[in-house]
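Take a look at the letters that make up each chain.
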Amino acid sequence: MKGLAIVAGVVLLAVSLGTQARAADVGATPSYSGDFFSRSTITGDWGGARNDLAAKGLTFDASLTQVEQGVVDGGKNGSWEYGGRGDLNGHLDTQKLGLWPGGFLSVELEGNWSDSVNGKTGALSPVNDNQLFPIPTDTNVALPQLLFAQFLSHYFGVLVGKLQTASLGDQNEFAHGKGDTQFLNLALNLNPTLLVMPYSTLAAGAIILPTADPNEALLNFAVTSATGKASTDGFDNLNGAIFTGEGRARTGFLGLTGHQLLGALYSNKQYTSLDARIEFEPSHGGLTHTIAPHDGTWAMYYNFDQFLYETDKSAGKGVGLFGRFGASEGTPNPMKYFYSIGVGGKGMLPSRDFDRFGIGYFYTGVENPTLQTRLIGTKSLLRDEWGFEAFYNVALTPWLLLTPDVQVVGPAQKRRLVGNSVTREPVETATILGGRLQILF
């Protein structure tokens, strides 16, 4: 039964929590020991207590990620903004705690503060993914995840609870996460055609391991609430469900590690159409505003990662390619189709085991919402969007990471807004410079 517990731990942490480490490493008990400049966290092993707790199945990990960015050319506003996010994760392994095999509980608490330039570029895709969670407004703290998983065999497990979906699916070795370790732009961390899915929501699901080895292949299926929020328990506003399914398999092209992933979602919630009609009818008392309802929506997505050069297979070190493709109905999410391509790496240089880099490009086809009025006719509000990002994550120590970042984005918004009026002044291609500093506690 010990093997069953290890499998459960590997899958829950690697899939539900979205860690970027290899599954085999996640299943092992972490060590927090070492001198100040070489240990994995700034607070170390707490006099040995932290390692003892980890051996008994209890781990606590925290991080603080700060980002400062400025729109230095184009966009809507050239000001610089500073913001940050704190993240605390706790994990419990029932086997190591001496209870029963195969059970795992994960809890996440996070909060953000200050501001970002996300609203100042004219882009639909946020250029600071880190500042979106748990809620993209000032000074918010929430519990986005309280999830329990239980494996019933080496091949099958179930999960239930409040799920933080940004880390659940669409895993990628070089382009994934919440803007804290790899890319900052949301479009290079996950597939934007999936944004109909709430960030934090009630969920129940199943995990299937076709070969009993989570490193080889993994299938997961889930039913989630379509209206969840990180700031509530999720039971206060149940309205529709989202059904998701995803499969990820490891490949070995040219003797190098890679992965292929395919997934889909369907929602039965009634949404609001993106198109609007405004008419002035004197006989009916003035303005009438019509927005039609829309029943359900769907999306499908694919991604791959493929190493071209590996320095350490067990630790996921080397250089490789990544790519994504997605398609949706185009309403209520206007991002109808999407693709991205890029190159990334970790630990590429001798003695620089924790450095990362990434260079990526994305393109989003927008289902253009229209505004129809009797006076000005039909006007489209958006256009297709594209973007480029490059970063280098410098590990000053294993627990202190500094990342210079540059982005160039062709925003979806066509013209500037002043109050409720659309001006004739266009929103030009935006150049965004910034830096990120992360501390692991």
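Small disclaimer: the values here were computed from a predicted structure and weren't measured.

(A) Examining the overall build of the chain more closely. Counting its regular elements, the chain contains 3 helices and 22 strands. Within the chain, the fraction of its 441 residues that count as buried is 53%. At a minimum sequence separation of 6, the contacts of the chain that also span at least 24 residues come to 64%. With an accessible surface of roughly 18900 Å², the chain has 63% of that area assigned to carbon and sulfur atoms.

(B) Spotlight on the packing of aromatic side chains. Tallied over the full model, the rule gives 11 aromatic pairs. Cluster of aromatic residues (ring-pair linked, three or more members): F36, F37 and W399. A cation over an aromatic ring shows up here: R50 above the ring of Y32, its NZ or CZ 4.0 Å from the ring centre. Over the ring of F391 we find R436; its NZ or CZ atom is 6.0 Å from the centre of that ring.

(C) Spatial organisation of empty space enclosed by the protein. Applying the stated criterion across every chain yields a total of 3 cavities of 30 Å³ or more. L159, L168, N220, F221 and A222 are the residues nearest the centre of the largest cavity, which is lined by 10 residues in total. Taken together, the elements giving at least two residues each to the lining of the largest cavity come down to β5 (156-164), β6 (200-208) and β7 (217-225). Across the lining of the largest cavity, the residue classes tally to 8 nonpolar, 2 polar and no charged.

(D) View of the nonpolar core. If you look at the biggest cluster of nonpolar residues, it comprises 11 residues: F174, A175, F183, A187, L188, L256, F307, F322, F338, F362 and F391. Here F183 is in contact with F174, A175, L188, N189, F322, G358, I359, G360, E389, F391 and R436, once residues within four sequence places are set aside.

(E) Here's a closer look at the confidence of the model for the chain. Per-residue confidence for the chain gives a mean pLDDT of 85, with 84% of residues at or over 70. Confidence drops under pLDDT 50 across residues 1-26; counting only partners more than four residues distant or on other chains, this segment forms 81 contacts. Within the model, pLDDT remains below 50 along residues 277-289, and this stretch shows 23 contacts once partners closer than five positions in the same chain are excluded.

(F) Up close: the pattern of salt bridges. For the structure on display, the rule yields 12 salt bridges. We note a salt bridge from E108 to K178, for which the minimum N-O separation is 2.9 Å. Residue E108 is located in strand β3 (residues 103-114), and its partner K178 is located in the loop between β5 and β6; the two are separated by 70 residues in the primary sequence. Residues D170 and R324 are paired through a salt bridge, measuring 2.8 Å at the closest nitrogen-oxygen approach. Residue D170 is found in the loop between β5 and β6, and its partner R324 is found in strand β13 (residues 317-328); the two are separated by 154 residues along the sequence. Residue classification places D170 among the buried positions, given a relative accessible area of 2%. A residue is classified by how much of its surface remains accessible, and R324, at 2% relative accessible area, is buried. A single network of salt bridges, built from pairs that share partners, joins R85, D87, E108, E110, K178 and D180.

(G) Local environment of the pairing of strand β9 (residues 258-272). Here strand β8 (residues 241-251) pairs with β9 via 10 bridges, running antiparallel. Paired with R248 across the strands is L261, a residue of β9. Count of turn residues in the β8/β9 antiparallel hairpin: 6 residues, of which L254 carries a positive phi of about 60°.

(H) Layout of the environment of T364. Residue position: T364 is located in strand β15 (residues 356-366). Taking the relative accessible area as the measure of exposure, T364 reaches 3% and is therefore buried. Along the backbone, T364 and P192 are 172 residues apart, and their C-alpha atoms lie at a distance of 8.4 Å. Beyond its immediate sequence surroundings of up to four residues, T364 is in contact with P192, M335, Y337, F338, D384 and E385.

(I) Examining the pairing of strand β4 (residues 140-151) more closely. Relative to β4, β3 is paired through 9 bridges, and the arrangement is antiparallel. Bridge pairing links E110 to A142 in β4. Pairing analysis gives 6 bridges linking β4 to β5, with the strands arranged antiparallel. If you follow L146 over to β5, its bridge partner there is K162. The antiparallel pairing of β4 with β5 creates a hairpin that spans 4 residues between the two strands.

(J) Layout of a nonpolar patch on the surface. A surface patch of nonpolar side chains, amounting to about 740 Å² of accessible area, comprises W46, L53, F60, L88, L105, L109, V141, L143 and L146. The greatest single-element share of the nonpolar patch, amounting to 3 residues, is contributed by β4. In this structure, L105 sits in strand β3. Accessibility expressed as a relative area gives 32% for L105, which makes it partly exposed.

(K) Examining the environment of P404 more closely. Residue position: P404 is located in strand β19 (residues 400-410). Overall, the relative accessible area of 48% leaves P404 in the partly exposed class. Sequence separation between P404 and N393 is 11 residues; the distance between their C-alpha atoms is 7.1 Å. Excluding residues within four positions of it along the chain, P404 makes contact with A390, F391, Y392, G434 and G435.

(L) Main features of unusual backbone geometry. The amide bond that connects F133 to the next residue, P134, takes the cis arrangement and shows omega of 5°. Along the chain, P134 turns up in the loop between β3 and β4. The omega angle of the peptide bond from T331 to P332 is 5°, so this bond is cis rather than trans. Within the element layout of this structure, P332 appears in the loop between β13 and β14 (335-346). Of note in the backbone geometry, L254 takes a positive phi value of approximately 60° without being a glycine. You can see L254 is positioned in the loop between β8 and β9. Even without being glycine, S351 reaches a positive phi, approximately 65°. Within the secondary structure, S351 is located in the loop between β14 and β15. Under the relative-accessibility criterion, S351 is labelled exposed at 69%.

What counts as what
- Counting restarts for each chain: residues are numbered from 1 in the order of the written sequence.
- Per-residue local features are limited, in this predicted model, to residues with pLDDT of at least 70; the limit for side-chain atom pairs, both in listing and counting, is 80 or more; totals at the level of whole chains, interfaces and linings are taken over all residues.
- Side-chain descriptors were evaluated using all non-hydrogen atoms of the structure, hydrogens and water having been removed beforehand.
- Only runs of H or I of at least four residues qualify as helices and only runs of E of at least two qualify as strands under DSSP, and these elements are numbered from the N terminus.
- Exposure is judged per residue with a 1.4 Å probe applied to protein chains only, and the accessible area is read against the type maximum: over 50% gives exposed, under 20% gives buried, and values in between give partly exposed.
- We call two residues in contact whenever any of their non-hydrogen atoms come within 4.5 Å of each other.
- Each accessible area is a Shrake-Rupley estimate made with a 1.4 Å probe; only the visible protein chains count as cover when residues are assessed.
- What counts as a ring pair is set by centres within 6.5 Å for rings of Phe, Tyr and Trp (its six-membered ring), and what kind of pair is set by the plane angle: stacked under 30 degrees, edge-to-face over 60, tilted for all other angles.
- Charge over a ring is defined by NZ of Lys or CZ of Arg lying within 6 Å of the ring centre and within 35 degrees of the ring normal.
- Cavity and pocket criteria rest on a 1 Å grid covering protein atoms alone: a 1.4 Å probe that fits but cannot get out defines a cavity, protein on both sides within 12 Å along at least 5 of 7 lines defines an open pocket, and an atom within 4 Å of a point defines a lining residue.
- Grid points are joined across faces, edges and corners, and a volume is the space filled by probe spheres set on the points.
- Under the grouping applied here, Gly and all other residues not named as nonpolar or charged are polar, the nonpolar ones being Ala, Val, Leu, Ile, Met, Phe, Trp, Tyr, Cys and Pro and the charged ones Asp, Glu, Lys and Arg.
- Residues grouped as a nonpolar core are buried Ala, Val, Leu, Ile, Met, Phe, Trp, Tyr and Cys residues, joined through side-chain atoms within 4.5 Å.
- Per-residue confidence from the predictor is reported as pLDDT, a score between 0 and 100.
- Criterion for a salt bridge: a side-chain nitrogen of Lys or Arg within 4 Å of a carboxyl oxygen of Asp or Glu.
- A pair of strands is treated as paired once DSSP finds two or more bridges between them.
- Patch construction takes residues with relative accessible area above 30% that form no salt bridge. Like charges are linked within 9 Å, and nonpolar side chains (Val, Leu, Ile, Met, Phe, Trp, Tyr) are linked within 5 Å.

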